[in-house]
Amino acid sequence: MRKLSISAFICLGLVGFSTPALAHNQIEDTYPAAGSTVEAGPVHIDLTFEEAPLDLPFGQGNLIAIAKADTGEQLGPACARIQDNHLITTANLSAPGEYKVLWREASDDGHVVSGEFNFTLTNNINYTTNKPGNQCFDENGQELDISKQELLSKKVQQGDGFVTGLVWAAVFVVLGSLIGALNIRRQKDARR
Ligand SMILES: [Cu+2]
């Protein structure tokens, strides 16, 4: 949570130097709602954003992944379709329990926004599927191959890692300047 607020702070700082029109995106609503319970079946996942995500090739940049909340096992590839200001996908889910939705969105200012939330699945209708998990077919009916994808959970962590790296880089620059300044002063004192 603290990582997220630091990311947001830096993002705002970076945006401050560019034009206000190129602001990073914000998530406004999710279906399923965080903490809610939904019935088994093809579950339509729908994330609403403040503005339309950056139009990138299918399976790149804008991603939704479904994982089991207890083990973190990702079910199917990570993908999302852009529909106006929404990212959507469908996941066939039959096993009751808690699931995690991991998402990653590319904003039109180039900044990546990411997050996750959980929901619970019940199966009162004896729904079964021979193709569990996220359904990732592009407009040509081509299926995304999970074996060729990085797991989204890893990507979300990498995104945070990049921003954390920026914070450390800034800290080192400030510390380095301070140490450098002290050394110059010490050398001047030594010459006296
Ligand atoms: Cu931004």
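Residues numbered from 1 in each chain as written. Predicted model: local features only at pLDDT ≥ 70, side-chain atom pairs only at ≥ 80, totals over all residues. Heavy atoms only, no water.

Chemist: How should I be thinking about the nonpolar core in this particular structure?
Modeler: The nonpolar side chains of a soluble globular protein tend to be buried with one another. With 21 residues, the main nonpolar core has Ile-45, Leu-47, Ile-64, Ile-66, Leu-93 and Leu-121 as its most contacted residues. Looking at this core, the elements with two or more residues in it are strand 3 (41-49), strand 4 (63-68), strand 6 (86-93), strand 7 (97-106) and strand 8 (112-122). Once you skip the residues sitting within four places of it in the chain, Leu-121 turns out to touch Val-38, Glu-39, Ala-40, Val-43, Leu-93, Ser-94, Ala-95, Pro-96, Gly-97 and Tyr-99. With six residues, the next largest nonpolar core counts Leu-63, Ala-65, Ala-67 and Leu-102 among its residues. (Core = buried A, V, L, I, M, F, W, Y, C linked by side-chain atoms within 4.5 Å. Buried < 20%, exposed > 50% of the residue type's maximum accessible area, 1.4 Å probe, protein only. Helix = DSSP H or I, 4+ residues; strand = E, 2+ residues; numbered from the N terminus. Contact = heavy atoms within 4.5 Å.)

Chemist: I tried to follow the packing of aromatic side chains on my own but got confused; where do I start?
Modeler: Aromatic ring pairs: the centre-centre distance and the angle between the two ring planes describe each pair. As enumerated under the stated definition, the model contains two aromatic pairs in all. For the pair Phe-49 and Trp-103, a centre-to-centre distance of 5.4 Å together with 75 degrees between the ring planes defines the contact as edge-to-face. Placement of the pair is Phe-49 in strand 3 and Trp-103 in strand 7, with a sequence separation of 54 residues. The class for Phe-49 is buried, based on a relative accessible area of 0%. (Phe/Tyr/Trp six-rings, centres within 6.5 Å; stacked < 30°, edge-to-face > 60°.)

Chemist: I keep staring at the pairing of strand 6 and nothing clicks. Help me out?
Modeler: Within a regular beta strand, the side chains point alternately toward one face of the sheet and then the other, so they alternate between its two faces. Burial within strand 6 is extensive, with six of its eight residues counted as buried. Here strand 3 pairs with strand 6 via eight bridges, running antiparallel. Considered in strand 6, the bridge of Asp-46 is made with Ile-88. Pairing of strand 5 (residues 81-83) with strand 6 involves three bridges; the strand directions are antiparallel. Across the sheet, the residue bridging to Arg-81 is Ile-88, located in strand 6. The turn linking strand 5 back onto strand 6 is made up of two residues, and Asp-84 within it adopts a positive phi angle of 55 degrees. (Pairing = 2+ DSSP bridges.)

Chemist: In this structure, what is going on with the state of the cysteines? I would like to understand it.
Modeler: In protein structure, a disulfide is the covalent linkage between the sulfur atoms of two cysteines. Within the structure shown, the criterion is met by one disulfide. Disulfide partner of Cys-79: Cys-136, at an S-S distance of 2.0 Å. Looking down the S-S bond of the Cys-79 and Cys-136 bridge, the torsion is -90 degrees, so its handedness is left-handed. Residue Cys-79 is found in the loop between strand 4 and strand 5, and its partner Cys-136 is found in the loop between strand 9 (133-135) and helix 2 (152-191); the two are separated by 57 residues along the sequence. Across this residue pair, the class does not change: Cys-79 and Cys-136 are buried. (Disulfide = S-S within 2.5 Å.)

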